[in-house]
Amino acid sequence: MSSSIVKPIYFFDEADGNNRALLGGKGAGLAEMTKLGLPVPPGFIITTDICEKFYEAGKRLPDGLMDEVRKSIKKLEVSTGKKLGDAANPLLVSVRSGAPVSMPGMMDTILNLGLNDQSVEGLARQSKDARFAWDAYRRFIQMFGKIVLGIDDRQFEKEMAGKDLNDEKVLRKVAASFKSLCENTGKKLPDYPYKQLELAIDAVFRSWMGKRAMEYRRQYGITPDMANGTAVTIVAMVFGNTGQDSATGVVFTRDPETGVKRLYGDYLVNAQGEDVVSGKANPSHIDQLPGQMPDVYSQLQQVCEKLENHFNECQDVEFTVERSKLYILQTRTAKMSALASVKTSVDMYHEGLIDKTEALKRIDPEGLEQMLYPRIGPQVKLKPVAAGVAASPGAASGVAVFDVARAEALGRRGEKVILVREDTKPDDVPAFFLSAGILTTRGGKTSHAAVVARGMGKPCIVGCSQIEIDTESCSFAVAGKTIASEGQKITIDGSTGRIYLGEVPTVDPEITSEFKEILQWASEMKAIRIRANADTPESATLARKYGAEGVGLCRTERMFNQHDRIAIFVRMIMAEDDDERRKALAELELLQRSDFRAILKEMQGLPVTIRLLDPPLHEFLPKEEELMMQIFELKSSGGPRTESEMLRREKMLRRVHELSEVNPMLGHRGVRVGLTFPDIYEMQIRAICEAAAGLVKEGVKVEPQIMVPQVAIVNELVAVRHLFESVKREVEHRHKIKLKILFGSMIEVVRSCLVADEIAHVVDFLSFGTNDLTQATFSFSREDAEAKFLPFYLEKTVIPANPFQTIDQKGVGRLMKMTIEMSRKVKRDIEIGICGEHGGDPRSIEFCSAAGLNYVSASSHRIPIAILAAAQSAIRSSKDSRLSRFLSD
């Protein structure tokens, strides 16, 4: 070996199970279980350092590695009493991947390595079961052919179709046909076991940069500093396919869907592990194991309890039973639904296994959204067309799509897709990300589809054997009758396993006691306030329910878009004289006053930041093309009534032309409209003041804040402030009360960041509009960028993250920090927050908290996510502070 590599290989009994970065998750788990005295087959780990060396050498195994592997195999032969490639008592091994961060099914595994035409006969004699030996051999050829030689797995499946795999003679013929298949493609299967091993190790390392692994890391934000490559674990094979006293399975120490403390999983008798996780067979539930193998079940319970108490986390355990002897092949932190993650964290705190801080740290904030999505309610009386195994909770509707590539294409276009497959493979994961839900006809709750969907928070049903898929016609049938074809809408309920035709109505989820408890802990721990973006009383009610500490953004223009108001607003825009405009504004003021009153009352004295009109006026008028078409149709139909209607449309078209702009998002909008049409802002300010005055007189505590959008010049603010103070004094005088209403500015124009000190003199608070500030900083149109080039930029790592989802700290973030510093030099205690969609993004929340913002504002459904993310940020900040103090002492 190269002198730069100190130790490339570790046996399980000598490795440090805490060093996941070096050993990978699988290897670290096996090492830790070996030290706990659990029944783990012997084996060794090729470290992640070697994977790095592999890629540094141009995808070539480092010189001398195979010499070290040979030495390790010799040691393994001594401990097992078997010999690799031996015709009498052959040692077989599995070659498996294992990254430092769990990536289930994303990289490659090869089982039964070491078999050839001679050693398979030795295995048959040694095991006294020729059927088992030849079954193991055909499995090895298939896996090696697919993973190492790159042969399409469907060719192997075709060779096996319709054959009785319980018949030894049939299995001999299948193995021979598999070998021929390899040779016919010009890719010979090596007989020499060490050559098999070398190629298998090479293939596992290559799978680190395979499409599905790279896509998984990109989607889950797994960066090189989190995982620098995969380790390779080489383990002596144990067999679950040696007869009816053997089995293989996967078990969770708690229910990964609900979090209930009970064993949950699947197993198959007389099978190998891939049969369970691939979903190609319908397994038995773990509850049935005591009836078949009571002693094994009892041992498994004890193992699971020991593992959970050791790791203090719910474990996902892979096991094999060989001739009634239990072996544990893997343990890792279980991927759970959000519901289960919350319940498990709270329960483990009450069981004394973890503290509150640890409970909060281990919950994925983004995952909480699973608990907030609609589900099919009990009032729905529709009869499901079929039912399968409920594998990942939540309901989803979309068009049925049977092809992975088509699902990806439609998903990228924004279509809601339900991916319908017989079973899924790791190669299908890119389509998972773009699908609303997944439905398979095979597999159990621990199959690939179930585990991946659950981790993604996607509704999923597996093992729905009632439906038969016809891939040629792209349809599925139940009892021989075609039920749904491609493009037809279906609904799946991942909580019950039911499938419905069409789009089924849903109801809001219930908030569990554990969910409330977690939010309470997080609220106590966080250092930054969380407000809501809420434009309606209903949205404000939801925000309060989830723990919002006020409204950080109430968009007044959305109130105008309601059906009964848009006509009045259009009438105001179309008014030909001041009197007509004032009449329309008076009607709008009453409506706005009612809206503001309801939201202020709902928030019970918490701050409510109301943004004055922001969009350009032409957005409220019909599109030019639409009007022209209507005028053409009216001209064609004729008649006196149509004449007057046509004149009205032509007048509106002229107004559209007058208001139209080359670049409206940088044109006549926000404060510019407020200054050139001051009646609009005066109406809105008066409506806010009147709503507040009415509630104050009723004894209701209110805290409205008025915010001006699109400010670039301090004199724009000065003019609006004069208007605000004038209207406020007038209302106070009429009602004989004093109003506490703060006046502030949005910071969403780059120039406003540069003159933040001037702006701070005029306002009581600032709020970053990070959506528009990001557009302005990058000179990106959000809609065009996300539709055209941002996906390419993300795929090619031109940019590390979508800047419209996560704050760009180097550009936008630097402008924000500059603004905060300049404004607080003028007013030390000035309140500063953000109200863009970034307010619900965990990474952005962490940045905002560290930058010293007072609050972030997020959409109502993301309030729990924001609260938890803020708590986790505070925990990390506290830990960093303690570490800094320790290092300085």
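What you see is a predicted model; the values in this text were computed from it and never measured.

Undergrad: Quick question: what am I supposed to make of the packing of helix H31 (residues 770-778) against helix H34 (residues 812-826) here?
TA: To describe two helices that pack against each other, one gives the angle between their axes and the distance between the axes. Two elements in contact, H31 and H34, have axes whose closest approach is 10 Å; the angle formed by their N-to-C orientations is 115 degrees. Here the hand of the crossing between H31 and H34 comes out right-handed. Contact with H31, carried on its side by Thr770, Leu773, Thr774, Thr777 and Phe778, involves Val812, Leu815 and Met816 of H34 and no other residues of that element. Of the residues assigned to the contact of H31 with H34, the class counts are 5 nonpolar, 3 polar and no charged.

Undergrad: Mind showing me how you'd approach the sheet that holds strand S2 (residues 43-46) here?
TA: Pairing between sheet strands relies on hydrogen bonds along the backbone, with the strands arranged either parallel or antiparallel. The strand order across the open sheet built from 5 strands is S1-S2-S7-S5-S6, with neighbouring strands paired in antiparallel fashion. Edge strands, defined here as strands with exactly one partner in the open sheet, are strand S1 (9-11) and strand S6 (109-113). Along the sheet, successive strands turn relative to each other by an average axial angle of 20 degrees, direction set aside. The sheet contact formed by strand S5 (residues 93-98) and strand S7 (residues 231-236) spans 6 bridges and is antiparallel. Opposite Ser97, over in S7, you have Val232 as the bridge partner. Each of S1, S2, S5 and S7 touches helix H3 (residues 65-80); the most contacted strand, S2, lies at about 165 degrees to it.

Undergrad: Even after reading the chapter, I still don't get the side chain of Glu32, so can you show me in this structure?
TA: Considering the arrangement of structural elements, one finds Glu32 in helix H1 (residues 20-35). No salt bridge is formed by the buried Glu32, whose closest oppositely charged neighbour, Lys35, lies at an N-O distance of 5.6 Å. Side-chain polar atoms of Glu32 contact the side chain of His310, separated by 2.8 Å.

Undergrad: Please explain the packing of aromatic side chains as it appears in this structure.
TA: Two descriptors summarise a pair of aromatic rings, namely the distance from one centre to the other and the angle between the planes of the rings. Here the structure, examined in full by the defined rule, presents 16 aromatic pairs. Ring geometry for Phe54 and Tyr55: centres 5.1 Å apart, planes at 90 degrees, overall edge-to-face. Classification of Phe54 by relative accessible area gives buried; the value is 0%. With a centroid separation of 4.9 Å and an interplanar angle of 75 degrees, the aromatic rings of Phe156 and Phe178 are classed as edge-to-face. Of this pair, Phe156 sits in helix H6 (residues 153-160) while Phe178 is found in helix H7 (residues 168-184), placing the two residues 22 residues apart along the sequence. Take Phe178: its relative accessible area is 0%, and that puts it in the buried class. Linked through ring pairs, Phe778, Phe780, Phe789, Phe792 and Tyr793 together constitute an aromatic cluster. Over the aromatic face of Tyr194 sits the side chain of Arg70, whose NZ or CZ is 4.3 Å from the ring centroid. Arg531 extends its terminal NZ or CZ atom over the ring of Tyr855, reaching a point 3.9 Å from the ring centre.

Undergrad: What should I look at first to understand H34 in this one?
TA: For an α-helix the count is 3.6 residues per turn, leaving residues at separations of three or four pointing the same way. Taking 1.5 Å of rise per residue, 15 residues should cover 21 Å, and H34 covers 22 Å from first to last C-alpha, within 8% of that figure. Three or more residues of H34 are buried, namely Val812, Gly813, Leu815, Met816, Thr819, Ile820 and Ser823. Buried residues along H34 cover an arc of 155 degrees about the axis, so they all sit on one side. Among the exposed residues of H34, those oriented more than 90 degrees off its buried face are Arg814 and Lys825.

Undergrad: When you look at the nonpolar core in this model, what are you seeing that I'm missing?
TA: Core analysis: the largest hydrophobic core is formed by 119 residues, its most contacted members being Phe569, Leu613, Val708, Phe768, Met816, Cys848 and Leu853. Ranked by residues supplied to this core, first place goes to helix H27 (residues 678-697) with 11 residues. Contacts of Met816, omitting those with residues within four sequence positions, involve Phe768, Thr770, Leu773, Ile807, Ile834, Phe847, Cys848 and Leu853. By size, the runner-up hydrophobic cluster in this structure holds 85 residues, among which are Phe54, Leu149, Ile151 and Ala407.

Undergrad: Could you clarify how one ought to interpret the pairing of strand S29 (residues 765-768) in this entry?
TA: Put simply, side chains in a regular strand alternate between the two faces of the sheet. The alternating pattern of S29 places Phe765 and Ser767 and Leu766 and Phe768 on opposite faces, both of which are buried. Sheet topology note: the strand S28 (residues 742-747)/S29 ladder contains 4 bridges and is parallel. Residue pairing across strands places Ile747 opposite Phe768, the latter belonging to S29. Where S29 and strand S30 (residues 831-834) come together, 4 bridges link them in parallel fashion. From the neighbouring strand, Phe765 faces S30, where its bridge partner is Glu831.

Undergrad: Quick question: what am I supposed to make of the confidence of the model for the protein here?
TA: As a general rule, the predicted coordinates of low-pLDDT regions are not to be interpreted in detail. Across the protein, the average pLDDT comes to 89, with 95% of residues at or above 70. This stretch, residues 882-889, has a pLDDT under 50; its non-local contacts, to residues over four places away or in other chains, come to 0 contacts.

Undergrad: I would appreciate a short explanation of the packing of helix H20 (residues 537-545) against helix H23 (residues 578-602) in the present structure.
TA: One can describe the packing of H20 onto H23 by two numbers: an axis separation of 9 Å at closest approach and a directional angle of 10 degrees. Classified by the interaxial angle, the pair formed by H20 and H23 is roughly parallel. Between H20, through Pro537, Ala540, Thr541 and Arg544, and H23, the contact on the second element is made entirely by Ala598, Ile599 and Glu602. Per-class residue counts for the contact of H20 with H23 are 4 nonpolar, 1 polar and 2 charged.

Undergrad: Honestly, the pattern of salt bridges in this entry has me stumped. Any pointers?
TA: Side-chain pairing between opposite charges can occur once the charged atoms of the two side chains come close. If you walk through the whole model with that rule in mind, you get 53 salt bridges. A salt bridge links Arg531 to Glu831; its shortest N-O distance comes to 2.8 Å. Remark: Glu831 occurs in strand S30 and Arg531 occurs in strand S24 (residues 529-533); sequence separation between them is 300 residues. Among the residues examined, Arg531 registers a relative accessible area of 1% and is labelled buried. We classify Glu831 as buried; its relative accessible area is 14%.

Undergrad: Just to check I follow, could you spell out the sheet that holds S28 for this structure?
TA: With parallel pairing, the 8 strands of this closed barrel are ordered in space as S24-S25-S26-S27-S28-S29-S30-S31. With direction set aside, neighbouring strand axes in the sheet form an average angle of 30 degrees. In this sheet, strand S31 (residues 855-859) lies alongside S30 in parallel orientation, the contact comprising 2 bridges. Note on S31: the bridge partner recorded for Ile834 is Val856. H27 rests against strand S26 (607-611) and strand S27 (703-708) of the sheet, and its axis sits at about 170 degrees to S27.

Undergrad: Explain the pairing of S7 here, please?
TA: Within S7, 6 of the 6 residues are buried, leaving the element largely enclosed by the surrounding structure. Here S7 shows a buried face lined by Ala231, Thr233 and Val235 and a second buried face lined by Val232, Ile234 and Ala236.

The rules behind these values
Residues numbered from 1 in each chain as written. Predicted model: local features only at pLDDT ≥ 70, side-chain atom pairs only at ≥ 80, totals over all residues. Heavy atoms only, no water. Axes fitted to C-alpha atoms, helices over the stretch in contact; angles between N-to-C directions. Helix = DSSP H or I, 4+ residues; strand = E, 2+ residues; numbered from the N terminus. Left-handed = near helix turned anticlockwise from the far one by under 90°. Contact = heavy atoms within 4.5 Å. Nonpolar A, V, L, I, M, F, W, Y, C, P; charged D, E, K, R; others polar. Pairing = 2+ DSSP bridges. Buried < 20%, exposed > 50% of the residue type's maximum accessible area, 1.4 Å probe, protein only. Lys, Arg positive; Asp, Glu negative; His and termini not counted. Salt bridge = Lys/Arg side-chain N within 4 Å of Asp/Glu carboxyl O. Polar contact = N/O pair within 3.5 Å; in protein donor to acceptor, adjacent residues only side chain to side chain. Phe/Tyr/Trp six-rings, centres within 6.5 Å; stacked < 30°, edge-to-face > 60°. Lys NZ or Arg CZ within 6 Å of the ring centre and 35° of its normal. Expected span 1.5 Å × (residues − 1). Arc of directions from axis to C-beta. Core = buried A, V, L, I, M, F, W, Y, C linked by side-chain atoms within 4.5 Å. pLDDT = per-residue confidence, 0-100. Parallel < 35°, antiparallel > 145°, perpendicular 65-115°, else oblique.

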